[in-house]
Amino acid sequence: MDGNERHSLGPGLLAGVSLTSLATLMLQVSLTRLFSVALWHHFAFMVVSIAFLGFGASGTFLMMVPRIRELPARRTLAWLGLGFSLATLAAYWCSNMIPFDPARIIWDRYQAVYLIGYYIVLAVPFFFAGLILALVYTGNPEAVNRLYACDLVGAGLGCITLFFTYAFAGEAGTVFLVCLLSGLASVAFRANGRKINLVRGPWILILLILLMIRPGFLALNISPYKALKVALRYPNARTLETLWHPAARVDVIESKAARFAPGLSLEFQGSLPEQLGLCLDAGHLNAVTRFTGNVSQLAFTGFLPASLPYVIGKPHRVLIMEPLGGLDILVARYHGVNDIVTTHANPVVLGIMKDLLSGFSGNLYGNEATVVEEQARSFLLRAPERFDVIQLPLTDSLGAISSGLYGLSEDYTLTVEAFKAYISALTSEGVLTVTKYLLPPPRHEIRLAALATAALEAIGVKDPAKHIGAIRSWGTFTLLVKRSPFKAHEIDQIKTFCRRLHFDLISYPEMPRREANTYNRFPSPLYYDIMQKISGPRTREAFFKTYLFDVRPVTDDKPFFYHNFRMGKVVPLYRVYGNKWQLILEGGYLVHLIFFQAVVISLVLITLPLRKAGRPPSSWFLAYFALIGIAFMLTEISLIQRFILILARPVYAFSAVLFSVLVASALGSYYSRKVIVERTHDELFLKRFLGRVPALLVAPVLLLAYVFWLHRLLTPAMAWPLWIRYGVAFFVILPLGFVMGMFFPAGVRTLSLRFEGAIPWAWAVNASVSVVGSVLAVLIALSYGFTTVLCIAAVAYSLAVVVLSQMMRSRTP
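Bear in mind that the values here come from a model prediction, so they are computed numbers and not experimental data.

Enquirer: Can you help me understand the overall build of the protein in this one?
Expert: Along its length, the protein carries 29 helices and 12 strands. Relative to its length of 813 residues, the protein is compact, with a C-alpha radius of gyration of 28 Å against a globular reference of 28 Å. Seen along its three principal axes, the alpha-carbon backbone of the protein occupies a region of about 90 × 55 × 50 Å. With the model as given, the accessible surface of the protein reaches about 30,600 Å², and the carbon-plus-sulfur share is 62%.

Enquirer: I keep staring at the layout of surface pockets and nothing clicks. Help me out?
Expert: The probe, sized like a water molecule, is rolled over the atoms to show the empty space still left. There is about 280 Å³ of room inside the second largest pocket. Going through the elements one at a time, helix H12 (376-382), helix H14 (416-424) and helix H25 (698-717) are the ones with two or more residues in the lining of the second largest pocket. In terms of residue count, H14 provides more of the lining of the second largest pocket than any other element does, 4 residues in total. Each residue belonging to the lining of the second largest pocket can be placed in one class, and the counts come to 7 nonpolar, 3 polar and 5 charged.

Enquirer: Could you clarify how one ought to interpret the packing of helix H1 (residues 11-38) against helix H4 (residues 73-97) in this entry?
Expert: Two quantities define a packed helix pair, namely the angle between the helix axes and the distance between the axes. Running from N to C, H1 and H4 point in directions that differ by 10 degrees, and their axes come no closer than 12 Å. As far as their axial angle goes, H4 and H1 are roughly parallel. Counting all contacts with H1, which are made through Leu-13, Thr-20, Ala-23, Thr-24, Leu-27, Leu-34 and Phe-35, the residues of H4 involved are Arg-74, Leu-77, Phe-84, Thr-88, Tyr-92 and Ser-95. Class assignment of the residues belonging to the contact of H1 with H4 gives a composition of 8 nonpolar, 4 polar and 1 charged.

Enquirer: Sorry, what's going on with the pairing of strand E2 (residues 249-254) here?
Expert: Moving residue by residue along a regular strand, the side chains alternate between the two faces of the sheet. Of all the 6 residues making up E2, 5 are buried; the element is thus mostly covered by neighbouring parts of the structure. Direction of pairing for strand E1 (residues 238-244) relative to E2: antiparallel, over a ladder of 6 bridges. Within E2, the position partnered with Glu-241 by the bridge is Val-252. Adjacent in sequence and paired antiparallel, E1 and E2 are bridged by 4 residues. Here E2 runs beside strand E3 (residues 275-280); their pairing, made up of 4 bridges, is antiparallel. Across the sheet, residue Val-252 finds its bridge partner in E3, namely Leu-278.

Enquirer: Would you explain H25 in this entry?
Expert: Within an α-helix, residues lying three or four positions from one another point in the same direction, as the helix has 3.6 residues per turn. In this model H25 runs just 25 Å from its N-terminal to its C-terminal C-alpha over 20 residues, more than 12% under the 28 Å that 1.5 Å per residue would give. At Trp-709, H25 shows its maximal bend, which comes to roughly 55 degrees. Within H25, burial applies to Ala-699, Pro-700, Leu-702, Leu-703, Tyr-706, Val-707, Leu-710, Leu-714 and Ala-717.

Enquirer: Help me understand the environment of Ile-50, please; the structure alone is not making it clear to me.
Expert: Turning to its location among the elements, Ile-50 is positioned in helix H2 (residues 41-51). For the pair Ile-50 and Val-599, spaced 549 residues apart in sequence, the C-alpha to C-alpha distance is 9.9 Å. Aside from chain neighbours lying at most four places away, what touches Ile-50 is Tyr-119, Ile-594, Gln-597, Ala-598 and Ile-601.

Enquirer: Just to check I follow, could you spell out a nonpolar patch on the surface for this structure?
Expert: A cluster of nonpolar side chains, Leu-205, Leu-208, Ile-209, Met-212 and Ile-213, forms an exposed patch at the surface whose accessible area comes to about 510 Å². Mapped onto the fold, Ile-213 is located in helix H7 (residues 194-213). By relative accessible area, Ile-213 is classed as exposed at 55%.

Enquirer: Just to check I follow, could you spell out helix H18 (residues 537-546) for this structure?
Expert: If you check which residues of H18 are buried, you get Arg-540, Phe-543 and Phe-544. Angularly, the buried residues of H18 cover 100 degrees about the axis, an arc narrow enough to put them on a single face. Exposed residues lying more than 90 degrees from the buried face of H18 are Arg-538, Lys-545 and Thr-546. Looking at the buried positions of H18, the neighbouring elements they touch are helix H15 (444-458) and helix H17 (526-535).

Enquirer: I tried to follow the nonpolar core on my own but got confused; where do I start?
Expert: In summary, soluble globular proteins display a tendency toward joint burial of nonpolar side chains. Tyr-624, Phe-625, Phe-643 and Phe-743 are the most contacted members of the largest nonpolar core, which has 177 residues in total. For this core, the element with the most residues is helix H6 (residues 144-189), which contributes 21 residues. In contact with Phe-743, other than residues within four places in its own chain, are Tyr-624, Ile-628, Leu-696, Ala-699, Tyr-797, Ala-800 and Val-801. In terms of nonpolar packing, the next biggest core, distinct from the first, is built from 52 residues, Ile-446, Leu-448, Ala-470 and Leu-573 among them.

Enquirer: When you look at the side chain of Asp-281 in this model, what are you seeing that I'm missing?
Expert: Tracing the backbone shows Asp-281 in the loop between E3 and strand E4 (284-289). The contact partners of Asp-281, leaving out residues within four places of it in the chain, are Arg-33, Ser-36, Val-37, Lys-226, Ala-248 and Arg-249.

Enquirer: Please explain the sheet that holds E4 as it appears in this structure.
Expert: By definition, the strands of a sheet pair up through backbone hydrogen bonds, in either a parallel or an antiparallel sense. Taken together, 4 strands build an open sheet; the order of strands is E1-E2-E3-E4 and the sheet is antiparallel. At either margin of the open sheet sits one strand with a lone partner, and together these are E1 and E4. Along the sheet, successive strands turn relative to each other by an average axial angle of 25 degrees, direction set aside.

What counts as what
- Residues numbered from 1 in each chain as written.
- Predicted model: local features only at pLDDT ≥ 70, side-chain atom pairs only at ≥ 80, totals over all residues.
- Heavy atoms only, no water.
- Helix = DSSP H or I, 4+ residues; strand = E, 2+ residues; numbered from the N terminus.
- Rg over C-alpha atoms; globule rule 2.2 N^0.38 Å.
- Areas by Shrake-Rupley, 256 points an atom, 1.4 Å probe, with all protein chains shown as cover.
- 1 Å grid on protein atoms, 1.4 Å probe; cavity = no way out; pocket = protein on both sides within 12 Å on 5 of 7 lines; lining within 4 Å.
- Points joined across faces, edges and corners; volume = space filled by probe spheres on them.
- Nonpolar A, V, L, I, M, F, W, Y, C, P; charged D, E, K, R; others polar.
- Axes fitted to C-alpha atoms, helices over the stretch in contact; angles between N-to-C directions.
- Parallel < 35°, antiparallel > 145°, perpendicular 65-115°, else oblique.
- Contact = heavy atoms within 4.5 Å.
- Buried < 20%, exposed > 50% of the residue type's maximum accessible area, 1.4 Å probe, protein only.
- Pairing = 2+ DSSP bridges.
- Expected span 1.5 Å × (residues − 1).
- Bend = angle between axes of the 7 residues up to and from the residue.
- Patch = residues over 30% accessible without salt bridge, like charges linked within 9 Å, V, L, I, M, F, W, Y side chains within 5 Å.
- Salt bridge = Lys/Arg side-chain N within 4 Å of Asp/Glu carboxyl O.
- Arc of directions from axis to C-beta.
- Core = buried A, V, L, I, M, F, W, Y, C linked by side-chain atoms within 4.5 Å.

Structure follows, in structure tokens:
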């Protein structure tokens, strides 16, 4: 940097860094949300992860073109901030125009080209943002603690700001806001300058106008194969309302495609009441049924598999988890239940049902049910009452399930610990019921049975098969789990129910094989045979090892219920799918492709500077910044997953935990000024810092403590008031985040004393490997759980401390 500007660390520079980081995090999260709607969640994860490597490419570019560092600092940063703003809107518009569609990637060879186009276009704004921060750190290594703290605070504020932008800005408006913030960063870096203001002033004015009018040509281009677009292609279909929220986009539609009665018996000869579609993220189609208070209008609900628990008993108190459009509430009302409790983790759906659709639905969430606005597990820990029926209803479309949409999504409602909580909350004769779509070859249905078996064994039941029953319709699988063994008259009622509605029996205590596969026939009683294998302790493990899919019961440590795919079974699965590769669209396989791409691109970005700068005098710094990049991401993602369980609403948990980690790390970075001394006292710095390096070992020690005690600490906290849980989350994260924030400034300061010209290289390594680390965390968690992820993070931080000591002892070239 220009020598006259090197030490000008006024408030403008610090504010510019914070605004740049704020805009970058908002852009990353916003693009992930937008493309989750436009494409699918796991493709959004892939596109944004690879595009974020543009952040690392900025450091590589600075190493390859070092003369940029000789330009006037503030003027350069101001132009780069403006470039970030312009590139953001251009990238969004261009990506919206690229005809990439994951549903066509199997047969359309041009989709691979379009995907590369996505990567390149979306990487450009991240490149500008990364270049700004890389230049700042390179030009001011002696103040890295303050600059990095501002960087982290800005990112932390981005987590909170997003909650306020969706409400008034909508989809494209959030992108406009990112452009505006990066434009303001440009002003903070340098407010004067005639040439830049001739461009910047009109540009900011245009952004403000666009933010207010929200032009239609920037509306999100959604895949024509997603449920929303399919439903709107029906004659006279129309959208009644669209709401954006950090948790989801919700569309209320009027369409003949919105007919939701999963598993309805073919014996039903009537017509369904009028229904409106309720579509989440353009892909999960549910429905709201018109209800005027006349229960006779609900006769069709008696022909649903969801009616089974009301047939075998006379429940008085019922808990229904996440009923969305409320069909299962109507089922309970039809069977005479008045004491109905519902739990909701998605506030936007509940808001629509209470407001816009209140009259249409008969005020389901006002008059017909007691509403609890949190996840069921935390509610059950503090609920004194017990329930006769606990119901996990089927609320998703078959297309969302069969596409593997949820392969990378955690679900703490479907784990062994969750089932233990549900069974414990039942009355002595209470029933837990879960319904899923039939999905041949069977996997989700089978894992449900495995979960129930494991949960019953965990609470001391010696023969779980006596507590489990299952039936299937032409398209659904319903599991019943009873706290006490099924009695003979209850089994007779199940058999009568299935005989009347032509549903097939799958399992009940001591069920003969001849009673299975009667109405909706498979070549053999497939589901019966599998259930028998799972119920037997000796046959269960052998079945798990040889089956095509992973159907072992999942736990809170590895809560990926919908991740069933095994890499060792790729070839047999390829044959089962008719020698077609659509299985790669599943999230569980796609994450391996993302990891491979991230590693290859990262290696290119890391090794390119060798051509310009040659081999550095010491390579310890490359290892150090790679280790802290991986360790930070592994820790961050693990903590987010851990706290989702206790913070009731996943989207709020994500923001609260990320905010806590980033702000705590900012405090640690700022505190590190007590360790880092002025650059004129190099030897004094080394003597003091070498003596304090072991203090950084607090990070791996705390991580190991979290491995052994965090779950035990957090589980009781689930029953506490929500605001206390958020406070607990912050203070639990604070000490670890504080120490984590010291690693990066310590490395930059040390590197500035040994090989200052390599700071951009270190930035490239850290940013690139952080992307690899985020994907690696998911890969490890899918196979081994988040406990293993935290252990690996502890090892990475321990190695980083050792490498930092070696960096300090290496000689200055």
